[in-house]
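# Working through the structure, step by step
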Amino acid sequence: MEFVAQHPILVVSLIKIVVLLFLLMTALAYVTWFERKVVARIQSRIGPLYVGAHGLLQPLADGVKFLFKEDVTPPAADRFVYVLAPFLALSLGLATIALIPFGPATIMVLGVPTQMGIANVSLGLLFVFAITSMGVYGVALAGWSSNSKYPLMGGLRSSAQMVSYEVSLTLSVVGVVLLAGTLNFNDLIAYQSGHWRYVRFLPHWNVIPQFVGFLCYFISAIAETNRVPFDLPEAETELVAGFHTEYSSFKFAMFFMAEYANMITVSCLATILFFGGWLSPFPERWTWQLYIPGVGLILGGILLAYDTAMNQRGIARIQLAVVTIGALVIGAACLLPSVMPVVQGPFWFLLKLLGFLFFYVWTRGTLPRFRYDQLMDFGWKFLLPVSLANLVITAFVVMVLNR
Amino acid sequence: MPISVETPTGAAETMVLNMGPQHPSTHGVLRVVLELNGEIVVSAKPHIGYLHTGIEKSCESKTYSQAITLTDRLDYLAPLSNNLCYCLAVERILNIEVPKRAQYIRVLLTELTRIASHLVWVGTHAIDLGAMTVFLYGFREREEIMRILEMVSGQRMMTSYFRIGGLALEPPPGWLERVARFLDSFPAHVAEYEDLLTQNRIWLARTKGIGYLSPEDAIALGVSGPTLRGSGVDYDVRKYFPYSSYEEFDFDVPVQKDGDCYARYLCRVAEIKESAKIVRQAIAKIPAEGPIRTVAPGIIPPSREEMKTSIEGLIYHFKIYTEGFSPPRGEVYQAIESPRGELGFFVASDGSANPYRVKVRAPSFVNLQALPELVVGRLIADVVACIGTTDIVLGEVDR
């Protein structure tokens, strides 16, 4: 106890880690729900519906299902590596979230002023890239250790793909780094605050001067996370399930979660690097914007209440009523003067994040898949030169402007 | 100890990959033994027989009418085409003429079947190449066709609606309006699929120049249907050997010159539109009143009214349903254009009530032999595209 009292910062960090991990795992589960719902709308279906109101408990049911499935290890597999691979994939996928700042406000926890986000590393961007580039190990080892042909090909494909796109991914953000002159996330966001001098309604976000960089980043990020149209490593109709063909039960679920964790990470990065992170898009002098989170949540709650009253029956009605009350209470809390400034950052951050996740799902509902060699061509012969050119031009402009 | 693995070509440094029989994109239970050098296919060998049902042999122990129900199960995506072909073959042995009204209804329904089959094809082919939305859009429209078939015959898939000498039932009132309503909304839906695929850069990259089949090879391999027309050969049984009054309909046979997967895709999409055109003409042509079955005592069951009121009708009804009918000795080959190509039924009669032999010239089976031709030297992802555009149905391949 004494040790704890002497080192409150340690306790606070631990609390933050636990809270964030819990939130992240929940978010992972509900990103799958979100994806299934959105892709269902795109494909004129309804999506999950029966487990909970609007299928809201579907992720839970899926988790339970994965837990109770038989965990099969192929006899020819390299057992140690076979077990290691999903752990590696998931832990690396989750690790990067530690560096993401969700808001500017410094809040007091146990008397210690602390910021939103676990760590504030001065070389944050570099650290995130270091971690994500290791993500290829999980996939490559899984493909290799299964000792089976489809996973092997999936593993090979993804190693090549992730390594190739890593290059353009990193190069595409160097432009931003050149503009802001820092690798720290908080400073990168601070650089994007305010509005343009001549076009005053446009926020000073990096996406405007670095639009090409943003496109390169986002395309590479989709490839890096193995999503449509670059989902070759797990190209279902070619390689059955690619690198995780032989995985079952919770090991498979771990790969699944790792994929979504990576999606969230790269979307967070896109938000921070190009869309001003937790900054609001409106000028600071518009004070009414402080009410947006609270009012938005309450309006959402009212919509939910309408749905609860009109469309739901039985247990689904009770479940949705709980969600409704939750939304209304949180919305009301967001209007309290003491809470209002604190929720602004996370609100805008999550909104932007959701936008990116929606975009992911949208592409999945729209595009066919590239072929392996076309993917490589696209990466090396198009994305890399474009991001290099973007880098050179940015460097030149920055140099001219700073003279 | 190093394990030596024998490969079909005997080349070292290659890997044998067993694609199927359980694989997401072999469209059933096709098994292709691929020999790969990296991701490049060195040799491909389709193995069939995993869905062998013995339908041809079973036909020999059925009466002529009973065998119709077996033909449904051949090409399960286009059961009415199989019904039609078999019925036409038996009708030719019997030398009977089907009333015009029944012929037009047959044309309408087989063309609807063609649309449904091509919709499944577009969808599954798109899923093979990673675009999953088209599949669900296609199934949405196919569902309406299934409902129309159910309305007419009482069955969604295994309809057995065409009978020797005509149709099984009088179609219910209002069905033509329903078909017309479907056709009104249909072109907009086809435009949706085309929006997603036809000009899509990734789709073009995945299908253009992939799986080239030259017209000479296509003819030599006996390929037919859209797979053949994609190679620039203008051959459609409906045009060149018309049956069931197809000569009275005005439609084009889409032909593409390129011989690649994209050409075959374009052919099929164009065929969907042409079929819709034929259905429209058929709606206008079908007379409101008229017999749906020909009159041939002892062969075609009498109408229900006649069966109930005349003793001859009752006797014929009893005899047809207990011992069938015996066509004269002889043999006949009847071909039609099924969604997959030239579907042929060879029926031999020895004068008894059961067919002596029924042989099906299954277009899928013949088209499948073009597969090694298409994929050797290409990447594994192209194998999937090529299996997709040969449009095989394993029920028909294995019979």
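Residues numbered from 1 in each chain as written. Chains lettered and ligands numbered in written order. Predicted model: local features only at pLDDT ≥ 70, side-chain atom pairs only at ≥ 80, totals over all residues. Heavy atoms only, no water.

Each helix and strand in chain B was counted, giving 17 helices and eight strands. Computed over the C-alpha atoms, the radius of gyration of chain B is 22 Å, within 12% of the 21 Å expected from 2.2 N^0.38 for a compact globule of 399 residues. For chain B, the C-alpha atoms occupy an extent of roughly 80 × 50 × 35 Å along the three principal directions. Here chain B, with 399 residues, has 59% of them falling under the buried criterion. Taking all contacts inside chain B whose residues are at least 6 apart in sequence as the whole, residues at least 24 apart take part in 70%. Accessible surface computed for chain B: about 15700 Å², of which carbon and sulfur atoms make up 55%. For chain B, the distance from the average site of its 41 positive side-chain charges to the average site of its 48 negative ones is 3 Å. (Helix = DSSP H or I, 4+ residues; strand = E, 2+ residues; numbered from the N terminus. Rg over C-alpha atoms; globule rule 2.2 N^0.38 Å. Buried < 20%, exposed > 50% of the residue type's maximum accessible area, 1.4 Å probe, protein only. Contact = heavy atoms within 4.5 Å. Areas by Shrake-Rupley, 256 points an atom, 1.4 Å probe, with all protein chains shown as cover. Lys, Arg positive; Asp, Glu negative; His and termini not counted. Charge placed at Lys NZ, Arg CZ, Asp CG, Glu CD.)

Frequently, the measure chosen for interface size is the accessible area that the parts lose on association. Residues and elements named next belong to chain A. Annotation of chain A at the domain level lists domain 1 (18-62) and domain 2 (69-279 + 367-403). Measuring from the centre of the C-alpha atoms in domain 1 to the corresponding centre in domain 2 gives 22 Å. Between domain 1 and domain 2, the residue contacts involve eight residues of the former and eleven residues of the latter. Where domain 1 abuts domain 2, roughly 910 Å² becomes buried across the two surfaces, and 87% of that area is made up of carbon and sulfur atoms. The tally of links between domain 1 and domain 2 comes to zero salt bridges. Counting across the interface, domain 1 meets domain 2 through one residue pair in polar contact (both at pLDDT 80 or more). (Domains from an automatic or database assignment. Buried area = accessible area lost by both parts, 1.4 Å probe. Salt bridge = Lys/Arg side-chain N within 4 Å of Asp/Glu carboxyl O. Polar contact = N/O pair within 3.5 Å; in protein donor to acceptor, adjacent residues only side chain to side chain.)

Moving on, we get to unusual backbone geometry. If you check the backbone angles, Ser 44 of chain A has positive phi at about 50° while not being a glycine. Within the secondary structure layout, Ser 44 of chain A lies in the loop between helix H2 (8-42) and helix H3 (58-68). On the accessibility criterion, Ser 44 of chain A (41% relative accessible area) is partly exposed. We note that Ser 244 of chain B has phi near 50°; this positive angle belongs to a residue other than glycine. By the secondary structure assignment, Ser 244 of chain B is in the loop between helix H10 (237-240) and helix H11 (261-285). Exposure remark for Ser 244 of chain B: the relative accessible area of 9% places this residue in the buried category.

Here the focus is the environment of Leu 57 of chain A. Residue and element names in this part refer to chain A. Residue position: Leu 57 is located in the loop between H2 and H3. A residue is classified by how much of its surface remains accessible, and Leu 57, at 33% relative accessible area, is partly exposed. Each C-alpha atom, one on Leu 57 and one on Gln 319, is 9.5 Å from the other, the two residues being 262 residues apart in sequence.

All names here are of chain B. Taken in spatial order, the three strands line up as E6-E7-E8 in an open sheet, and their pairing is antiparallel. At either margin of the open sheet sits one strand with a lone partner, and together these are strand E6 (330-338) and strand E8 (357-361). Here the strands of the sheet are splayed against their neighbours by 15° on average, with no regard to which way each runs. Sheet analysis places strand E7 (residues 341-349) next to E8, joined by five bridges and oriented antiparallel. Its bridge partner being in E8, Phe 345 is matched across the sheet by Val 360. The sheet strands contacting helix H3 (residues 79-94) are E6 and E7, and the helix crosses E6 at an angle near 150°. (Pairing = 2+ DSSP bridges. Axes fitted to C-alpha atoms, helices over the stretch in contact; angles between N-to-C directions.)

We now examine the interface of chain B and chain A. On the chain A side, the residues contacting the 35 residues of chain B number 25 residues. Roughly 2600 Å² of surface becomes buried between chain B and chain A when both sides are summed, with 61% attributable to carbon and sulfur atoms. When the area that chain B buries against chain A is broken down by residue, the three leading residues are Glu 39, Met 132 and Ile 202 of chain B, summing to 20%. Where chain B packs against chain A, one counts two salt bridges. Ionic pairing is found between Arg 157 of chain A and Glu 39 of chain B, a salt bridge with its closest N-O pair at 2.5 Å. Across the contact surface, chain B and chain A share eleven residue pairs in polar contact (both at pLDDT 80 or more). Take the side of chain B that touches chain A: its biggest share by element is five residues, from strand E1 (residues 15-19) of chain B.

The next thing to look at is the environment of Ile 96 of chain B. With respect to the helices and strands, Ile 96 of chain B occurs in the loop between H3 and helix H4 (100-128). Every residue in contact with Ile 96 of chain B, bar those within four places of it in the chain, is listed here: Glu 91, Ile 164, Gly 165, Thr 294, Ala 296 and Ile 300 of chain B.

Residues and elements named next belong to chain B. Enumeration according to the criterion identifies 33 salt bridges over all chains in this entry. Between Glu 170 and Arg 101 there is a salt bridge, with its nearest N and O atoms 2.7 Å apart. Of this pair, Glu 170 sits in the loop between strand E5 (166-167) and helix H6 (175-197) while Arg 101 is found in helix H4, placing the two residues 69 residues apart along the sequence. A salt bridge links Asp 382 to Arg 378; the shortest N-O distance between them is 3.1 Å. Assessed through its relative accessible area of 25%, Arg 378 is described here as partly exposed. Residues joined by salt bridges that share partners form a network here, namely Glu 111, Arg 114, Arg 229, Asp 236, Arg 238, Glu 271 and Glu 337.

Glancing now at the nonpolar core. Residues and elements named next belong to chain B. Residues Leu 34, Leu 108, Leu 109, Leu 112, Ile 164 and Phe 345 are the most contacted members of the largest nonpolar core, which totals 121 residues. A per-element tally of this core places H4 first, with 13 residues. Excluding its chain neighbours within four sequence positions, the residues that come into contact with Ile 164 are Tyr 64, Ser 65, Ile 68, Tyr 86, Cys 87, Val 90, Glu 91, Leu 94, Ile 96, Ile 300 and Phe 325. (Core = buried A, V, L, I, M, F, W, Y, C linked by side-chain atoms within 4.5 Å.)

The next thing to look at is the sheet that holds strand E2 (residues 31-37) of chain B. One key point about sheets: their strands pair by backbone hydrogen bonds, in either a parallel or an antiparallel sense. Strand order across the open sheet formed by three strands is E1-E2-E3 (chain B), with antiparallel pairing between neighbours. A single partner strand is all that each edge strand has here, and the edge strands are E1 and strand E3 (40-47) of chain B. Along the sheet, successive strands turn relative to each other by an average axial angle of 20°, direction set aside. Pairing geometry for E1 of chain B and E2 of chain B, over five bridges, is antiparallel. Looking across to E2 of chain B, one finds that Asn 18 of chain B is bridged to Val 33 of chain B. Sheet strands in contact with helix H6 (residues 149-180) of chain A are E1 and E2 of chain B, and its direction is about 110° off that of E1 of chain B. Seen against the sheet, helix H16 (residues 380-390) of chain B touches E1, E2 and E3 of chain B and runs at an angle of roughly 150° to E2 of chain B.

Looking now at H3 of chain B. Residue and element names in this part refer to chain B. The first and last C-alpha atoms of H3 sit 23 Å apart over 16 residues, in line with the 22 Å expected at 1.5 Å per residue. Burial analysis of H3 places 15 of its 16 residues in the buried class, the great majority of the element. In the segment just after H3, Asn 95 is the residue with positive phi, at about 60°. (Expected span 1.5 Å × (residues − 1).)

Do not read the predicted coordinates in detail wherever pLDDT is low. When pLDDT is averaged across chain B, the result is 87; 97% of the residues are at 70 or more. This complex was scored by the predictor with a pTM of 0.85 and an ipTM of 0.78. (pLDDT = per-residue confidence, 0-100.)

Structurally, Tyr 150 of chain A can be placed in helix H6. Taking the C-alpha atoms as reference, Tyr 150 of chain A lies 9.0 Å from Glu 246 of chain A; in sequence the two are 96 residues apart.

Before going further, it helps to examine the domain arrangement of chain B. Residues and elements named next belong to chain B. Domain assignment breaks chain B into domain 1 (55-95 + 97-294 + 328-397) and domain 2 (297-326). The straight-line distance from the C-alpha centre of domain 1 to that of domain 2 is 33 Å. Residue-level contacts link 13 residues of domain 1 with eight residues of domain 2. When the two sides are added together, the surface that domain 1 and domain 2 hide from each other amounts to roughly 800 Å², 65% of it contributed by carbon and sulfur. On the domain 1 side of the interface with domain 2, the three residues burying the most area are Leu 94, Arg 293 and Ala 353, jointly 44% of the side's total.

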